[in-house]
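Listed below, chain by chain, are the residues.
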Amino acid sequence: MSKANKSNKAIKYRLYPNDEQKVMFAKTFGCCRFVYNQLLALQKQRYKDGESHLSKLKSNEFATRTLKKDYDFLKEIDKFAVSNAVFHLADAYDRFFKKQNHFPKFKSKRKSKKSYTTNFTNNNILIGKNVIKLPKVGMVKAVIHKLPKDDWKLKSVTVSQDSVGNYFASVLFEYEQEDIPSVSKSSTNAIGLDYKSDGLYMDSNGNKAGVHKYYRESHKKLAKEQRRLSRKAGSKKNETKSSNYFKQMRKVNRIYRKIANQRLDSLHKKSTEIANQYDIVCVEDLDMKAIGNKGFGNGKATFDNGYGMFLNMLEYKLKERGKYFVKVDKWYPSSQICHCCGSVKKLDLKDRFYTCDCGYTGDRDHNAAINILTEGLRILQSL
Ligand SMILES: [Zn+2]
């Protein structure tokens, strides 16, 4: 018998608000940042005073009662946005307590992401033809490039403004998904992937996957425009920013966004390809943050190639297909074992080849990918 699971899916729409709506969006972004910061300050003070941490519910009570009384402007905006800002901070604390995150920081006006989330209730949100209705904002012009299926339930909307100034609504839906029958764990259609900082990965068949050439080209263009930006009046500290400076900054931001989109695109393509082709995919469980910060000494390459994002995509795409995504412990010495005879030796970081006394010689990453596959299959069988 198959049982149904609840799943979520988001569709992101471009918004074209009028001037009045832009003001309301800006107000709501600001209020959410304000509430978040107020609560963070309160929690910090309570900690200093030896008082207990306010729960999610108590935090929400504080925001919707006390803060609203003291600050009239909070009454003007969407009440769900305020509560969600509170929950957002509570989640940040949760992740901090679980050691998944750094301690929550105050949101600055200039640097923090401009966004807020509102919830669906009593048809307060609607998706129409070329329009989205939002609470307190009304009908906002939008490009509806894709419609939800009839049985999808609208849950929430996150409105955001990117660094170029464009507005978006990411609409979250919930739907029932039939359980997909799992493929056999003993399928031999399996692959191992070894992370490569200067590309994306090397697989256990010896194929390398890297970033696209156009990606490099965009990077060259970005460097050029950034150099131009540094020559505009306003690029130095204490200098007044000229209109040319802002103009150039928007140009740089546009290229940034293009690069981010290109990367997302190519990661989606690659992960779909693998999820379609293989039943079992084994990878190393890497601490991407630690690698990006130090350790490998090439943080930039690591952040740029988006391996962490790639693994997340692979995981859900395989799951959707009833297939297996297996993480091998990050301490497993995949690069030190000879996949032919099983003997172990330490390799230098600069050694590109693994040469073993048993007679095996091969690319170091290829050898590692085969070991990751073998270990992953062993783990899968033991589950
Ligand atoms: Zn050997």
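Quick notes on the rules
Residues numbered from 1 in each chain as written. Predicted model: local features only at pLDDT ≥ 70, side-chain atom pairs only at ≥ 80, totals over all residues. Heavy atoms only, no water. UniProt positions renumbered as here; feature names shortened; annotations may be inferred. Domains from an automatic or database assignment. Donors = N, O, S within 2.8 Å, 3.2 Å for Na, K, Ca; no water. Tetrahedral: all angles 85-135°; square planar, octahedral: opposite > 155°, others 65-115°. Buried < 20%, exposed > 50% of the residue type's maximum accessible area, 1.4 Å probe, protein only. Helix = DSSP H or I, 4+ residues; strand = E, 2+ residues; numbered from the N terminus.

The name given to the protein chain in an unreviewed UniProt entry is Transposase, and the organism recorded there is Faecalibacillus intestinalis. Check the Sequence similarities (unreviewed entry) section of the UniProt entry for the protein chain; it says "In the C-terminal section; belongs to the transposase 35 family."

1. Some details on the domain arrangement of the protein chain
The domain architecture assigned to the protein chain consists of domain 1 (4–178) and domain 2 (190–214 + 262–382). When each unit is reduced to the centre of its C-alpha atoms, the spacing between domain 1 and domain 2 is 36 Å.

2. With respect to the coordination of the zinc ion
Protein ligation of the zinc ion involves Cys338 (SG), Cys341 (SG), Cys356 (SG) and Cys358 (SG), the donor distances falling in the range 2.3 Å. Between the four donor atoms coordinating the zinc ion, the angles at the centre fall across 105 to 113°, so the site counts as tetrahedral. Owing to a relative accessible area of 1%, Cys338 belongs among the buried residues under this scheme. Cys358 gets classed as partly exposed once you look at its relative accessible area, which sits at 43%.

3. Structural notes on the environment of Lys107
Within the secondary structure, Lys107 sits in the loop between α3 (79–97) and β2 (114–119). In this structure Lys107 comes out as partly exposed when scored by relative accessible area, which is 25%. Residues Lys107 and Lys141, spaced 34 residues apart in sequence, show a C-alpha to C-alpha distance of 29 Å.

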